[in-house]
Amino acid sequence: MIFLDKDWEFDDSPQYFPKAIDEDSVRDWCSWKDVEECINNPQFYELEFIDNGGKLDLPSFARNWSTPHVHKADCYKLFQDGCGLIINNFQFISRKKQELLGGIERQFTVNAAMHVYCGISGHGSFNIHEDYAHNFIIQVEGETDWTVYKNRASYLVAKNQGIPNYDESKFEVDINVTMKSGDVLYIPARTYHRAKPKGQRLSV
């Protein structure tokens, strides 16, 4: 496994693993066919869209036996307009995805989830932010410039629920790479980071 050389018990620093997954295996994680399936069935997945560095507030519609969700026509329109798409709960699309996620859960004894970030242009990504969760980013297709900072937010303060425009001069760069297909990036919880897709991209 690509993570066995890192001493996780004493080292929770960000790390970049270039070419960690071979070209054939990385396609197992996600494909554009999977993305199309999710857009056509927004009632089964939590779909979110990104524009100008933040999430869009979209109307949702009620449906029997499911939570309110966005309409697929709105999803296609925003996707074609170049907004970034986030597909949450992506592991439920197939048993194979659940098995891949299960391998991560067994290795790290955690409860994990799988999300997809994708788009057909370089516009759809967040400003500098941090997440409560630890993140493994797998680049499936395209190229994305990633910056991970040494700065981490304390659990003594609440997470900013919006995506603020932070002053970048306050941050110190730890990792600055262009991720390509098969590359993996680890971002610890509450570590500030930012992605800038160069064009069409697909990542998990």
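Attention here is on the structure that accompanies the text. Remember, predicted model here, so these are calculated numbers, not experimental data.

## Looking at the nonpolar core
Grouped burial of nonpolar side chains is what soluble globular proteins tend to show. Counting 32 residues, the largest nonpolar core has V35, L85, I87 and V116 as the members making the most contacts within it. Apart from the residues lying within four places of it in its own chain, the contact partners of V116 are C30, V35, L85, I86, I87, F90, L202, S203 and V204. Counting 9 residues, the second-largest nonpolar core is a separate cluster that includes I137, I175, V177 and L185.

## Thoughts on helix 4 (residues 95–108)
Given a rise of 1.5 Å per residue, 14 residues ought to cover 20 Å, and the 20 Å separating the end C-alpha atoms of helix 4 matches this to within 8%. Of all the residues in helix 4, the buried ones are K97, L101, G102, I104 and F108. Down the axis of helix 4, the buried side of the element spans an arc of 160 degrees, and every buried residue falls inside it. Every exposed residue of helix 4 that faces more than 90 degrees away from the buried side is listed here: R95 and R106. On its buried face, helix 4 sits against helix 2 (32–40) and strand 8 (135–141). Positive phi shows up at T109, right after helix 4, with a value of about 50 degrees.

## Observations concerning helix 3 (residues 72–80)
Within helix 3, the full set of buried residues consists of C75, L78 and F79. Along the axis of helix 3, the buried residues cluster in a sector spanning 100 degrees; they form a single face. Structurally, helix 3 contributes buried residues whose contacts are with helix 2, strand 2 (46–51), strand 6 (84–88) and strand 7 (116–119). One or two positions beyond helix 3, positive phi appears at G82, with a value near 100 degrees.

## What about the packing of aromatic side chains?
Taken as a whole and judged by the stated rule, the model has 11 aromatic pairs. Consider the rings of W8 and F136, whose centres lie 6.1 Å apart with planes at 70 degrees: the pair is edge-to-face. Highlighted residues: W8 in the segment before strand 1 (15–17) and F136 in strand 8, separated in sequence by 128 residues. For the pair F171 and Y192, a centre-to-centre distance of 5.0 Å together with 70 degrees between the ring planes defines the contact as edge-to-face. Placement of the pair is F171 in the loop between strand 9 (144–152) and strand 10 (173–179) and Y192 in strand 12 (residues 191–197), with a sequence separation of 21 residues. Summarising the burial analysis for this pair, F171 and Y192 share the class buried.

## Describing the pairing of strand 7
When strand 6 meets strand 7, the two strands line up antiparallel, connected through 3 bridges. Bridge pairing in strand 7 places L85 opposite C118. As paired strands, strand 7 and strand 13 (residues 201–203) are joined by 3 bridges and run antiparallel to one another. Among the inter-strand pairings, C118 is bridged to a residue of strand 13, identified as L202.

## Let's talk about the sheet that holds strand 13
The sheet built from 8 strands is open, its strands ordered 1-11-8-13-7-6-2-3 with antiparallel pairing. Only two strands of the sheet have a single partner each, and these edge strands are strand 1 and strand 3 (54–55).

## A short note on the sheet that holds strand 9
A sheet is described by the order of its strands in space; here 3 strands give the open sequence 10-9-12, paired in antiparallel fashion. With partners counted over all chains shown, the strands left at the sheet margins are strand 10 and strand 12, one partner each. For this sheet, the mean angle separating the axes of adjacent strands, direction not counted, is 15 degrees. Pairing of strand 9 with strand 10, which is carried by 6 bridges, proceeds in the antiparallel orientation. Bridged to W146 within strand 10 is V177.

## Some thoughts on the pattern of salt bridges
Once the charged atoms of two side chains with opposite charge are near each other, the side chains can pair. Scanning all chains against the criterion turns up 13 salt bridges. Here D28 ties to K96 by a salt bridge, and the two come within 3.3 Å at their closest N and O atoms. Here K96 lies in helix 4 and D28 lies in the loop between helix 1 (23–26) and helix 2, a separation of 68 residues in the sequence. Taking relative accessible area as the criterion, D28 reaches 26% and is therefore assigned partly exposed. The exposure class of K96 is partly exposed, given its relative accessible area of 43%. Among the charged side chains, a network of salt bridges with common partners joins E23, R27 and E141.

Definitions and limits used
Residues numbered from 1 in each chain as written. Predicted model: local features only at pLDDT ≥ 70, side-chain atom pairs only at ≥ 80, totals over all residues. Heavy atoms only, no water. Core = buried A, V, L, I, M, F, W, Y, C linked by side-chain atoms within 4.5 Å. Buried < 20%, exposed > 50% of the residue type's maximum accessible area, 1.4 Å probe, protein only. Contact = heavy atoms within 4.5 Å. Helix = DSSP H or I, 4+ residues; strand = E, 2+ residues; numbered from the N terminus. Expected span 1.5 Å × (residues − 1). Arc of directions from axis to C-beta. Phe/Tyr/Trp six-rings, centres within 6.5 Å; stacked < 30°, edge-to-face > 60°. Pairing = 2+ DSSP bridges. Axes fitted to C-alpha atoms, helices over the stretch in contact; angles between N-to-C directions. Salt bridge = Lys/Arg side-chain N within 4 Å of Asp/Glu carboxyl O.

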